[in-house]
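Each chain, written out:
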Amino acid sequence: MIVVQIGRLAEQLGVHRNTIRNWIRSGRLPARRVPGKRYLVDEEEFIKLCHAYGLDASALQFRRVSAASQAASEPEEDWEGQTVLSPRAHAFPLSAFGADVCLTCGSCAGACPISGVDDWDPRKIVRMAVLGMEEDLVSASWPWKCTLCGKCEQACPMGVDITGLMTAVRRARDRDHVPGPLHKGVLTMLETGNNLGIPREDFVACCEAVARELAEEECPGFRVPLDVKGARLLVTVNSKEPFAEPRQMKHWWKIFYAAGESWTIPTENWDGVQWGAYTGDEEAVRLGVGRMVEAMERLQCHALLLPECGHAYHAVRMGLGRWYAEESRRFEVVSLFDLLKDYIQRGRIRLRERPFAVTATYHDPCHVTRKSLKAFGKAYDEEAREIVRRCCADFVEMIPNREDAFCCGAGGGLAALPYHEERVFHGRHKARQIRRTGASLVVTSCHNCRDQILKSLRKEYDLSVEVKLLWELVAEALIGPSRAQGEVWG
Ligand code: SF4
Ligand code: SF4
């Protein structure tokens, strides 16, 4: 027999704790409860169940107890009223986040833009986890008001993985109590292939209508290449675009047309966004990213382009590295920065010289700078600046910037959560920075950041600035598109 603890086992297997609870409740995993919120489980049955669900249990280590001691152990109800001296059970594996080496210095709290909201801050979160106050943590709303921006852990001298811990706290919340529409979006994504539940035929009709417009306006003969086998580039989409701003898709399409790119969009599972990363639902992220891998293989594409969404870029690359390391070696994973840089350097697209007679600044999305540097060893900061400098008459930096930049306030799923006031409060540093530059144009490369600045910060902090995504800036600065119909690069 082995001794397991639900939270820890769920963490090790990368499934939600409710999955383990359901296995036990339904009898699929025969288990008997023992003191310390632990269960005695038949090892053979457990391994069989893991095989049945495709989970790898080979590397897990358990405390084993003999049949004799098992017979001697009492069910939990018989222990009621007794003092049991045993180590405190932690739902969050502290050593995995480095929380057990916290010095209580408070640097994280000093760096966090929402320290003090509800009288909480990241140090408090770490201390509560260390002290085993899991229930208070899991029921609190503060971990959902955090944007997972990573400013706190950047300041931490001990390298505590505070955003990892915050995500684990979110993961431990019963799914019925995940705030806002996030969990519904995850379920919808699993059922329909995109988190807004856009049916395949509507998505196709939307793409074709936008393509017709683009062909009439600027790109003669343009047709949107859906499900094209053997295309070089498989393009994933941010579901916000077909849902709310379909014309945004034209920017990329226009750039592809000008570059003579061989590309395609899958008509199923095209959503690049993984809300499971916001709710801590690792299984949903694994399935979502797996579908992208499947689309890459089915359509035999050579490179996967992640959408202009910092969260999607970070979540998908993390998912590929964690669960599909071998499969993803068979194709290239491309960020929008890599692609635009390549197009410009190789002369596949040409830009007009400073067509925007304005002073511009650039907002660094956390996911592609600070968090990308931490996760993948690469911050995308210079690529975008080079393009903005090339397109605009003048360029002014916000201070601090790049991997030290302030979050806009809308990350971590906050854009979709019912915490408007906190989101606006978080964005106050960004609003102040923008005002200080004197710029009239803010360029960024993440949908969430763009929407937060354009739709919230402008109004709440009375900023008179225009906001553009990077691809929008490039599409508007293009010379052409002049490529002959159907002509493909190389
Ligand atoms: S990730 Fe950002 S918002 Fe969350 S605790 Fe850290 S600094 Fe604060
Ligand atoms: S900065 Fe790091 S060491 Fe200091 S209190 Fe925060 S988590 Fe602990």
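These numbers were taken from a predicted model, which means no experiment stands behind them.

Visitor: Can you lay out the overall build of the chain for me, pointing to particular residues and giving the numbers?
Guide: Helix and strand counts for the chain come out as 26 helices and 12 strands. Over its C-alpha trace the chain gives a radius of gyration of 25 Å, about what one expects of a compact globule, namely 23 Å for 490 residues. Counting over 490 residues, the chain shows a buried share of 45%. The contacts in the chain between residues at least 6 apart in sequence include a share of 79% that link residues at least 24 apart.

Visitor: Describe in detail the environment of H367, supporting the description with residues and values.
Guide: Structurally, H367 can be placed in the loop between β9 (356-362) and α21 (370-376). Note on H367: 27 C-beta atoms within 10 Å, which makes it buried. Discounting chain neighbours no more than four positions away, the residues touching H367 are G310, H311, Y313, H314, S372 and C446.

Visitor: Explain the confidence of the model for the chain residue by residue, including any values.
Guide: Looking at the chain, the pLDDT average stands at 90 and 92% of residues meet or exceed 70. Throughout residues 71-87 the model reports pLDDT below 50, and contacts reaching past four residues in sequence, or to other chains, amount to 14 contacts.

Visitor: Please give an account of the site of ligand 1 that cites residues and values.
Guide: Taken together, 13 residues are adjacent to ligand 1, and C112, C146, C149, K151 and C152 come closest. Contributing elements (two or more residues each) for the shell around ligand 1: α10 (151-155) and α11 (162-171). Split into classes, the residues belonging to the shell around ligand 1 amount to 9 nonpolar, 3 polar and 1 charged.

Visitor: Please provide a residue-by-residue account of the site of ligand 2, values included.
Guide: The full set close to ligand 2 counts 15 residues, and C102, C105, S107, C108 and C156 are the nearest of them. Every element with two or more residues in the shell around ligand 2 is listed here: α6 (107-111) and α7 (122-130).

Visitor: Break down the pairing of strand β3 (residues 38-41) for me, citing the residues and quoting the values.
Guide: Here strand β1 (residues 2-5) pairs with β3 via 4 bridges, running antiparallel. Along β3, the bridge assignment pairs Q5 with R38. Two elements, strand β2 (residues 31-34) and β3, share 4 bridges in a ladder whose sense is antiparallel. When the bridges of β3 are listed, A31 appears paired with V41.

Visitor: Lay out the sheet that holds strand β5 (residues 233-235) in plain terms, naming residues and giving numbers.
Guide: What holds strands together in a sheet is hydrogen bonding between their backbones, with the strands either parallel or antiparallel. Reading across the sheet, the 4 strands line up as β6-β5-β7-β8 and stay open at both edges, with parallel pairing between neighbours. At either end of the open sheet lies a strand with only one pairing partner, and these are β6 (263-264) and β8 (332-334).

Visitor: I'd like a description of the nonpolar core, backed by residues and values.
Guide: L165, L234, I255, V388, L470 and V474 are the most contacted members of the largest nonpolar core, which totals 124 residues. Top contributing element to this core by residue count: helix α15 (residues 249-259), with 8 residues. Beyond its immediate sequence surroundings of up to four residues, I255 is in contact with I349, W471, V474, A475 and L478. M1, V4, L9 and V41 belong to the second largest nonpolar core, which has 14 residues in total.

Reading the values: rules and limits
Residues numbered from 1 in each chain as written. Chains lettered and ligands numbered in written order. Predicted model: local features only at pLDDT ≥ 70, side-chain atom pairs only at ≥ 80, totals over all residues. Helix = DSSP H or I, 4+ residues; strand = E, 2+ residues; numbered from the N terminus. Rg over C-alpha atoms; globule rule 2.2 N^0.38 Å. Buried ≥ 20, exposed ≤ 12 C-beta atoms within 10 Å, placed from the backbone. Contact = placed C-beta atoms within 7 Å. pLDDT = per-residue confidence, 0-100. Near = placed C-beta within 6 Å. Nonpolar A, V, L, I, M, F, W, Y, C, P; charged D, E, K, R; others polar. Pairing = 2+ DSSP bridges. Core = buried A, V, L, I, M, F, W, Y, C linked by C-beta atoms within 7 Å.

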